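Reading the structure
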Amino acid sequence: QVQLVESGGGLVQIGGSLRLSCVASGSIFSIYTMGWYRQVSGKQRELVAAITSGGSTNYADSVKGRFTISRDNAKNSVFLQMNSLKPEDTAVYYCNADIRRVWGQVNDYWGQGTQVTVSS
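This report concerns the structure included in the present document. Please read all numbers here as calculations on a predicted model, not as lab measurements. (Residues numbered from 1 in each chain as written. Predicted model: local features only at pLDDT ≥ 70, side-chain atom pairs only at ≥ 80, totals over all residues. Heavy atoms only, no water.)

Some remarks on the sheet that holds strand β3 (residues 18–26)
Spatially, 4 strands are ordered β1-β3-β8-β7 in an open sheet, and the strand pairing comes out antiparallel. Either end of the sheet is taken by a strand with one partner, and the two such strands are β1 (2–7) and β7 (67–72). Geometrically, the sheet is characterised by an average inter-axis angle of 15° between neighbouring strands, direction not taken into account. (Pairing = 2+ DSSP bridges. Helix = DSSP H or I, 4+ residues; strand = E, 2+ residues; numbered from the N terminus. Axes fitted to C-alpha atoms, helices over the stretch in contact; angles between N-to-C directions.)

Okay, here's the thing in structure tokens:
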């Protein structure tokens, strides 16, 4: 079994910062791309940021310059530093990872989601 567990969400004021964390655990052989997605009720889930095992990053235009994704390969972890938060950043944020299990194929895994609310 493989699990992704997120933490770090919460309520923050406009202009504030939050740092999301996600740790993968289980029978993991290797982790490829890790990323963060977000979803607002009634809308499609969208990519926020992604990072490859080599450290290459990709961001949604709406968060460029404000959010930073990073990872710690030794700890099977990915992080999202969110600065200058806006009300439109309010969403449930999901961790995602492409993981090869021991003696297994590569599959796509999701965390349970963590709520981020930006208010005035």
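Now that the structure has been shown, the text picks up again.
Quick notes on the environment of Gly10
Among the structural elements, Gly10 can be located in strand β2 (residues 10–13). Non-local contacts of Gly10, meaning those with residues more than four positions away in its chain, are made with Leu18, Gln115, Val116 and Thr117. (Contact = heavy atoms within 4.5 Å.)

A few points about the environment of Ser30
Structurally, the position occupied by Ser30 is in strand β4 (residues 28–39). Considering only alpha carbons, one finds Ser30 and Asn73, 43 residues apart in sequence, at a separation of 9.3 Å. The contacts of Ser30, once residues within four sequence positions are left out, are Asp98, Ile99 and Arg100. A distance of 3.1 Å separates polar atoms of two side chains, one belonging to Ser30 and the other to Tyr32. (Polar contact = N/O pair within 3.5 Å; in protein donor to acceptor, adjacent residues only side chain to side chain.)

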